[in-house]
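# Reading the structure
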Amino acid sequence: QTVDIKILDDSGWANKYSVVTDENGTASVELQTFENGNYTVHADYNGTLFLSKSNTVSNLEIDDGYGVY
């Protein structure tokens, strides 16, 4: 299934992704290009005839352990 993911930084800049889940319902986004900082992650699933629509919002902190941000 396709899930739309939006990752917002503190300034409101949004990185948008469309990911497809595997047979276990798992999908991922590589965060290697993101700077240290705090982000807000929005995930939206539009549902199907048999699966309900769903969305969630979560906080994400990235800290590579090498410096202070």
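To be clear, the structure that these remarks concern was listed above.
Residues numbered from 1 in each chain as written. Predicted model: local features only at pLDDT ≥ 70, side-chain atom pairs only at ≥ 80, totals over all residues. Heavy atoms only, no water.

### Considerations on the overall build of the chain
Within the chain one finds zero helices and four strands. The C-alpha atoms of the chain give 14 Å as radius of gyration, which overshoots the globular expectation for 69 residues (11 Å, by more than 25%). The buried share of the chain, taken over its 69 residues, is 19%. The contacts of the chain with a sequence gap of at least 6 include a subset with a gap of at least 24, amounting to 40%. (Helix = DSSP H or I, 4+ residues; strand = E, 2+ residues; numbered from the N terminus. Rg over C-alpha atoms; globule rule 2.2 N^0.38 Å. Buried < 20%, exposed > 50% of the residue type's maximum accessible area, 1.4 Å probe, protein only. Contact = heavy atoms within 4.5 Å.)

### A closer look at the nonpolar core
Soluble globular proteins tend to pack their nonpolar side chains together in the buried interior. Grouped together as the largest cluster of nonpolar side chains are ten residues: V3, I5, I7, V19, F34, Y39, V41, A43, Y45 and I62. Looking at this core, the elements that each hand over two or more residues are β1 (2-9) and β3 (37-45). The element that contributes the greatest number of residues to this core is β3, accounting for four residues. For A43, the residues in contact, after removing those within four places along its chain, are V3, D4, I5, S54, N55 and T56. (Core = buried A, V, L, I, M, F, W, Y, C linked by side-chain atoms within 4.5 Å.)

### Describing the sheet that holds β3
By way of backbone hydrogen bonds, the strands of a sheet pair with one another, either parallel or antiparallel. Reading across from one edge, β2-β1-β3-β4 is the order of the four strands in this open sheet, with antiparallel pairing throughout. At either margin of the open sheet sits one strand with a lone partner, and together these are β2 (14-20) and β4 (54-62). Along the sheet, successive strands turn relative to each other by an average axial angle of 20°, direction set aside. The pairing of β1 with β2 spans seven bridges and is classified as antiparallel. Across the sheet, residue L8 finds its bridge partner in β2, namely A14. (Pairing = 2+ DSSP bridges. Axes fitted to C-alpha atoms, helices over the stretch in contact; angles between N-to-C directions.)

### Regarding the side chain of T21
Residue placement: T21 occurs in the loop between β2 and β3. Among all residues touching T21, those that are not within four sequence positions of it are Q1, V3, T26 and A27.

### Examining a nonpolar patch on the surface
A grouping of L49, F50 and L51 is seen on the molecular surface, where their side chains present a nonpolar patch of about 420 Å² in accessible area. Within the secondary structure, L51 sits in the loop between β3 and β4. By relative accessible area, L51 is classed as partly exposed at 43%. (Patch = residues over 30% accessible without salt bridge, like charges linked within 9 Å, V, L, I, M, F, W, Y side chains within 5 Å. Areas by Shrake-Rupley, 256 points an atom, 1.4 Å probe, with all protein chains shown as cover. Salt bridge = Lys/Arg side-chain N within 4 Å of Asp/Glu carboxyl O.)

### Examining a negative patch on the surface
Taken together, the side chains of E35, E61, D63 and D64 present a region of like negative charge at the surface. Here D63 shows up in the segment after β4. (Lys, Arg positive; Asp, Glu negative; His and termini not counted. Charge placed at Lys NZ, Arg CZ, Asp CG, Glu CD.)

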